[in-house]
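Summary of the model geometry
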Amino acid sequence: MSTSRIDTTVAIVGAGPSGASAAYWLAIRDIPTVVLEKKHFPREKACGDGLTPRSVVQLEAMGLGGFLKSKHLYYGLRAKAYGKALEIPWPKSPEYPDHGYVVTRYELDQAIAENAVTAGAEVLQGYEVVEATRSKGSRIESLVAKDKDSGKVVEISAQYFVLAEGANSRIARSLGVARDRNEPMGMAIRSYYNTDRSNEPWIESQMDLKDEHGHVIPGYGWVFPLGDGRVNVGFGLLTNSDRWRSINTTHALERYVTEIGPDWGISTTNGSKPIGGKLQMGHAVSPRSGSNFLLVGDTVGSINPFNGEGISYALETGRLGADVISYVLSHPNTDLSRLYNSKLHGAYGNYYALAKRFVKLISEPKIMAPAIWMATRNERLMTPLVTVMANLFSIQDPQVGDKLYKYVERLASLARVAKTHS
Ligand SMILES: Cc1cc2nc3c(=O)[nH]c(=O)nc-3n(C[C@H](O)[C@H](O)[C@H](O)COP(=O)(O)OP(=O)(O)OC[C@H]3O[C@@H](n4cnc5c(N)ncnc54)[C@H](O)[C@@H]3O)c2cc1C
């Protein structure tokens, strides 16, 4: 079969939130952009469907505020553990709204991809990128993609490439990108259930979930109401030690649904088939770019290690990648890789360093259990914790880094004291 060719300025692998965001921010600057997406929209995606205020900011900036207004709005988090529940509203902040939305990825990803097309990007659906060819060093020469419907092969040449393939990152791995196995990693699974409580104005998380031996797991269960007669129920955990890696997530989700079933009017027999995936966190992959390509979203491991949130960071890193490429196009002597890495570090370096320390701490059950116990009994402890974990503190506060650091240190020492007395 003959190979056809596409020539463009920027080629993007994947039209999830990160790839479609990069495409949008390139296209509105009139930069010719082609996105290759192996699936056809709308499509299912394993996700809790929770959009925090950080995501809302990005989606509104792309002109998707009207789309969001037709979806289920919520005001904050109901945190539950050890028989207690605290309802913590999203913080008041000059940068972020005081609300989020719950939107199925079936609808959201289609809307973001269509928005990129409206802005001028070309999104080729059903095209799987099967190979990236390299000329020399860390430079991509072209991509080879297969139209899954016709079997037709296309070769795509571009000046710059964005890898936005999600967590499996086959193409990035073929270029030598690898995850640092000492850094945090997670797994999550979700299912949909019909319920009368689908219009609740809170998302809920259960922080004291146990394994089959009764040990508290470093992770949480969630119920995110969709406002359409359903809730998204899921379970996510940190898997950086062998002990937690072996947990059967399907069984853990069943135990959680059994526990909350009477409260939410759901049962293990009336849910959709559970689907799950990996959570690549804390930018724990390298290299994150080459001389003419960069990684965004889950491919660059942009999920927040504090809470497993990834959509906002996918949208943000897609935008950051587009900003960098646009700058390099008008300043051709700039080192793209160096610029992108320094921008990533500036935007997330300190916060993710803190998050990784926190994760190592709470992966230790003897510290985690008393820390959760204490936090759910003390609103003054829980409110800043939720703000820090969702990365919603005000960036206008010059002391924010110090305050954050002190806060996590305090929580750690309280938990250590609790551990020695347990
Ligand atoms: C169970 C679960 C629950 C989660 N819950 C939440 C939540 O509630 N809120 C939140 O903010 N985050 C959540 N996350 C994380 C969130 O889903 C991800 O961070 C987010 O999807 C990352 O977006 P992305 O664009 O980087 O990757 P993806 O959304 O994975 O998109 C990648 C796209 O690339 C395409 N692709 C892959 N390979 C190729 C190829 N070779 N050629 C062409 N196309 C390709 C894929 O088909 C896909 O469309 C959850 C994750 C899981 C697993």
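Residues numbered from 1 in each chain as written. Predicted model: local features only at pLDDT ≥ 70, side-chain atom pairs only at ≥ 80, totals over all residues.

Another aspect to go through is the domain arrangement of the chain. The domain architecture assigned to the chain consists of domain 1 (3-72 + 101-179 + 281-349), domain 2 (185-280) and domain 3 (352-421). With 8 residues of domain 2 at the interface, the matching set in domain 3 holds 8 residues. (Domains from an automatic or database assignment. Contact = placed C-beta atoms within 7 Å.)

Looking now at the sheet that holds strand S4 (residues 72-74). The 3 strands are arranged S3-S7-S4 in an open sheet whose pairing can be described as antiparallel. Strands with a single pairing partner mark the edges of an open sheet, and in this sheet they are strand S3 (50-51) and S4. Bridge analysis of S4 against strand S7 (residues 100-102) gives 3 bridges, and the strand direction is antiparallel. Among the inter-strand pairings, Tyr-74 is bridged to a residue of S7, identified as Gly-100. Here helix H2 (residues 53-61) sits on the sheet in contact with S3 and S7, set at roughly 90 degrees to S7. (Pairing = 2+ DSSP bridges. Helix = DSSP H or I, 4+ residues; strand = E, 2+ residues; numbered from the N terminus. Axes fitted to C-alpha atoms, helices over the stretch in contact; angles between N-to-C directions.)

This part takes up the sheet that holds strand S13 (residues 185-194). On the basis of which strands lie adjacent, the open sheet formed by 7 strands has the order S6-S5-S14-S15-S16-S13-S17 and mixed pairing. On the outer flanks of this sheet lie strand S6 (84-89) and strand S17 (275-280), each paired with one strand and no other. For this sheet the average axis-to-axis angle between neighbouring strands, irrespective of direction, equals 20 degrees.

Bringing the packing of helix H1 (residues 17-27) against helix H8 (residues 311-330) into the picture now. Packing of H1 against H8 brings their axes to within 7 Å, and their N-to-C directions diverge by 35 degrees. When you trace H1 past H8, the crossing you get is right-handed. Of H8, the residues touching H1 (which contributes Pro-17, Ser-18, Gly-19, Ser-21, Ala-22, Trp-25 and Leu-26) are Ile-311, Ala-314, Leu-315, Thr-317, Gly-318, Arg-319, Gly-321, Ala-322, Asp-323, Ile-325 and Ser-326. Across the contact of H1 with H8, the residue classes tally to 9 nonpolar, 7 polar and 2 charged. (Left-handed = near helix turned anticlockwise from the far one by under 90°. Nonpolar A, V, L, I, M, F, W, Y, C, P; charged D, E, K, R; others polar.)

What follows concerns the packing of H8 against helix H9 (residues 336-362). It is the contact of H8 with H9, at a shortest axis distance of 10 Å, that shows an interaxial angle of 145 degrees. In this structure, the crossing between H8 and H9 has a hand that is right-handed. Residue-level inspection shows Leu-320, Gly-321, Val-324, Tyr-327 and Val-328 of H8 in contact with H9, the latter providing Leu-336, Leu-339, Tyr-340, Lys-343, Leu-344 and Ala-347. Considering only residue class, the contact of H8 with H9 consists of 9 nonpolar, 1 polar and 1 charged.

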